[in-house]
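Chains, contacts and geometry: an overview
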Protein chains: 2
Amino acid sequence: MHTLVIRNVRPMGGEATSVMIREGRIAGYGQEVEGGAETLDGGGAIMIPGLVEAHTHMDKTLLGMGWYRNEVGPRLIDKIENERMQRRVLGIDPARQSARQAVLAASLGTTHIRTHVDVDTEVGVAGIEGVLETRERYRDMIDIELVAFPQSGMLIRPGTVELMDRALQLGAQVVGGLDPAAIDRDPKGHLDAVFGLAERHGVPVDIHLHEPAELGAFSMELIIERTKALGLQGKVTISHAFCLGMADQDYVAALIDALAEARIHILTTAPASRPAPAVKRLVEAGIVVAAGTDGVRDTWGPYNNPDMLERAVLVGLRNNLRRDDEVALALDTCTHGGARMMGLDDYGLNTGDRADLVLVEGETLADAVVSRRPRRMVLKGGKVIARDGVALFEAP
Amino acid sequence: MHTLVIRNVRPMGGEATSVMIREGRIAGYGQEVEGGAETLDGGGAIMIPGLVEAHTHMDKTLLGMGWYRNEVGPRLIDKIENERMQRRVLGIDPARQSARQAVLAASLGTTHIRTHVDVDTEVGVAGIEGVLETRERYRDMIDIELVAFPQSGMLIRPGTVELMDRALQLGAQVVGGLDPAAIDRDPKGHLDAVFGLAERHGVPVDIHLHEPAELGAFSMELIIERTKALGLQGKVTISHAFCLGMADQDYVAALIDALAEARIHILTTAPASRPAPAVKRLVEAGIVVAAGTDGVRDTWGPYNNPDMLERAVLVGLRNNLRRDDEVALALDTCTHGGARMMGLDDYGLNTGDRADLVLVEGETLADAVVSRRPRRMVLKGGKVIARDGVALFEAP
């Protein structure tokens, strides 16, 4: 039975110890090294569990393609329509592009990704098929969960619901949704379709909700109602949830209570230019808060990169988390928060957990986050898959 | 007469050319190389003018010191008092610390810094003296402008005005101020003292204004009144100016008009967790907008680093600047905006301008900003002062 021991690592920035890994799982800490065990030197690095990218769009990143000159209009619909057009013009191949992002993310210590994949009447399920190919090809490097995502609307583009159904048959594990009022112009109809798919396929739900203030809050109420009616507590995520950043604090407090009661998770990208959910307040209310990058260098915008330590910094900056304990909270949205949202079993640094691990230099945990140095080592299922910032898998 | 030619550079991401440098200035582009000229290979890098850090606090960064565990309280005054205490406890040496930040900033392509240096009844002018030492020591590497900054208040701590006066005699080039209502509890008194010092010493003004909404707007009005009364148009900067992010849009519009008329500059750090001035709107109104890092890894917070390309990204994220022309605008706050704020003559890429230059890889200008690769070469006054991300000057 193969045993790997990494000496001189500091779990979560604590005391240096050795970690023993067997059959892809953490077998214990600080034990005597058995004869025949392979040993690696952790060099005093901080060890954290694998980073969790809980919201991205791997099928449409432009990584590795020529620079896309962004001249898009200001409205949400401008960006959606521009993207559908550019998909053809630029030749954005979902399998190739998702593979590029997967390898880059793995080099940065991400061991789990939830990705929303476009399903619409133009692309059909080709995006789903492409990302499924990547999921299979890189299964030893990273776990990828697919959300069937009706980016262009569902009811306003007849045939989309059937395509979503097909995507879930093919292997998408989550049903997505998008701005029930603002895009489909029919909040009840949109959400009934989304939750209908979830019920039929027995899958979780993850809905993009950019709708502002009281409008978004109304859609949120409809989501909460359906979550409870269908017994989907703990299985529903609302992504973005900008309405939780609205001015009416009494209304926000009521929504937070209702979300907590329905065990609905909140995903944030910590956007600097939009109202956003207050991470600390949600966590204190017992809500699972996960973090994601959103699109990485795509037709929507150029800034994002898939480094989840950088995302933790952005969560910290957006939420004014300055103290060391608060920086740890920001990091938690990029580790345990995402893991709980995705329902990952055996995630973490306890004995028995899967050995999905990141070694990164830092004097303290907060230092490791803010300094974002190249990851010294990344392990997936107990195997080293990246060293010194370079993945051991090839990108296309 | 020494001539340096850098071949194969792309000014602002345009066509490749060569740049000739003579007597510390740009002598021309695309010319024949004269016999005896030293030549360097730009490798096709994008060439931009030196980055301008228009607001930081070099005297109190903790760079290179042990990790500071931040457990500070939530109020502004908690942070101010904690910092005064930690200055003694940690032994924060202004000369050493400002030198560390100067060298790091230079390695990242910053060629000009405006730094606010604490003046109070505990530290006296020791901070000013320390940063003046750094300014002198690294004068061939970077230009440093000192603002005498009454961080702990001026009127509430008798003797501070006299120390500010002394700081300006010693060589501080700008008079600072801070939240006239919120800290000194006497907006008229505080601003009369600040502008009195400016008049007496014939120096520009740069006032930290964190005060929120209508309170900040009132202080802003008092600043505008004094700027006009004393004929200081073009010489006054308001840093932070959070009140310009307030909800009352009519009031904001009136303030913008008044600021533009008084030619008052706005400095932003593009804070993600606070209301903030809308950069594009201010620029369109003809106001000079500069960007700064604020404190770099200090007792206030751990996140900031002095990379002004990262700051341009944060300006872009905060202001939702996604298009390529908008990314260029974000960069402009970190180059020309800062230069205009600081009244730098001969700044830019025109023939005759000082050869303060940064070479950075990128397919396009926007790519160079968002990718933030190590700076290939940094020149100050025509001399190479950093290569491949490493400064040629030693930090203490």
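Quick caveat: nothing in here was measured; it's all calculated off a predicted structure.

Considering the pattern of salt bridges
Residue and element names in this part refer to chain A. All told, the structure shown has 58 salt bridges over all chains when counted by the stated rule. Residue aspartate 143 is joined to arginine 354 by a salt bridge in which the shortest nitrogen-to-oxygen separation is 3.7 Å. Taken as a pair, aspartate 143 in strand S7 (residues 143-149) and arginine 354 in the loop between helix H11 (336-341) and strand S13 (357-360) lie far apart in primary sequence, 211 residues in all. The exposure class of aspartate 143 is partly exposed, given its relative accessible area of 31%. By relative accessible area, which is 30% here, arginine 354 ends up partly exposed. The network of salt bridges with common partners includes Lys60, Glu83, Arg87, Asp118 and Asp120.

Observations regarding the UniProt feature "domain: Amidohydrolase" (unreviewed entry) in chain A
When the UniProt feature table is mapped onto this chain, "domain: Amidohydrolase" (unreviewed entry) is found at residues 38-385 of chain A. Secondary structure across residues 38-385 of chain A divides into 40% helix and 19% strand, with the first and last C-alpha atoms of the span separated by 16 Å.

Some thoughts on helix H9 (residues 308-318) of chain A
Residues and elements named next belong to chain A. For H9, a buried count of 10 out of 11 residues is recorded, marking the element as mostly surrounded by other parts of the structure. Of the positions making up H9, those classed as buried are Met308, Leu309, Glu310, Arg311, Ala312, Val313, Leu314, Val315, Gly316 and Arg318. Taking the backbone nitrogen of leucine 309 as reference, a side-chain oxygen 2.9 Å away marks aspartate 307 as the first, capping residue of H9. Backbone geometry just downstream of H9 places asparagine 320 in the positive-phi region, at approximately 55 degrees.

Looking at the sheet that holds strand S14 (residues 377-380) of chain B
Residue and element names in this part refer to chain B. Taken in spatial order, the eight strands make up an open sheet running S3-S2-S1-S4-S13-S14-S15-S16, and their pairing is mixed. In the strand order of this sheet, the two ends are held by strand S3 (25-29) and strand S16 (390-391), each with one partner. One ladder, built from three bridges, connects strand S13 (residues 357-360) with S14; its direction is antiparallel. Opposite leucine 357, over in S14, you have leucine 379 as the bridge partner.

Focus: a nonpolar patch on the surface
All names here are of chain A. Side chains of Met85, Val89 and Leu90 sit close together on the surface and give an oily, nonpolar patch of about 250 Å² of accessible area. Mapped onto the elements, methionine 85 comes out in helix H1 (residues 76-91). Given the relative accessible area of 37%, methionine 85 is considered partly exposed.

Overview of the packing of helix H6 (residues 213-229) of chain A against helix H7 (residues 249-261) of chain A
Residue and element names in this part refer to chain A. At a closest axis distance of 10 Å, the pairing of H6 and H7 adopts a crossing angle of 20 degrees. As summarised for this structure, H6 and H7 are arranged roughly parallel, according to the angle between their axes. In the crossing of H6 with H7, the sense of the turn from one axis to the other is left-handed. Here Glu214, Ala217, Phe218, Met220, Glu221, Ile224 and Lys228 of H6 lie close against H7, whose contacting residues are Tyr251, Leu255, Ala258, Leu259 and Glu261. Classifying every residue of the contact of H6 with H7 gives eight nonpolar, no polar and four charged.

With respect to empty space enclosed by the protein
If a probe the size of a water molecule is rolled over the atoms, the empty space left behind becomes visible. Inspection of the entire model under this criterion finds four cavities of 30 Å³ or more. Considered as a void within the structure, the largest cavity measures approximately 100 Å³ in volume. Around the largest cavity sit 14 residues that line it, and Glu310(A), Leu314(A), Val313(B), Leu314(B) and Arg372(B) are the ones nearest its centre. Those elements that place two or more of their residues in the lining of the largest cavity are H9 of chain A together with helix H9 (308-318) of chain B. Split by residue class, the lining of the largest cavity holds seven nonpolar, two polar and five charged. In this model, the second largest cavity occupies a volume close to 60 Å³. Considering the residues around the second largest cavity, the lining is formed by Asp59(A), Lys60(A), Arg87(A), Ile92(A), Pro94(A), Asp118(A), Val123(A) and Gly127(A).

Analysis parameters
Residues numbered from 1 in each chain as written. Chains lettered and ligands numbered in written order. Predicted model: local features only at pLDDT ≥ 70, side-chain atom pairs only at ≥ 80, totals over all residues. Heavy atoms only, no water. Salt bridge = Lys/Arg side-chain N within 4 Å of Asp/Glu carboxyl O. Helix = DSSP H or I, 4+ residues; strand = E, 2+ residues; numbered from the N terminus. Buried < 20%, exposed > 50% of the residue type's maximum accessible area, 1.4 Å probe, protein only. UniProt positions renumbered as here; feature names shortened; annotations may be inferred. Polar contact = N/O pair within 3.5 Å; in protein donor to acceptor, adjacent residues only side chain to side chain. Pairing = 2+ DSSP bridges. Patch = residues over 30% accessible without salt bridge, like charges linked within 9 Å, V, L, I, M, F, W, Y side chains within 5 Å. Areas by Shrake-Rupley, 256 points an atom, 1.4 Å probe, with all protein chains shown as cover. Axes fitted to C-alpha atoms, helices over the stretch in contact; angles between N-to-C directions. Parallel < 35°, antiparallel > 145°, perpendicular 65-115°, else oblique. Left-handed = near helix turned anticlockwise from the far one by under 90°. Contact = heavy atoms within 4.5 Å. Nonpolar A, V, L, I, M, F, W, Y, C, P; charged D, E, K, R; others polar. 1 Å grid on protein atoms, 1.4 Å probe; cavity = no way out; pocket = protein on both sides within 12 Å on 5 of 7 lines; lining within 4 Å. Points joined across faces, edges and corners; volume = space filled by probe spheres on them.

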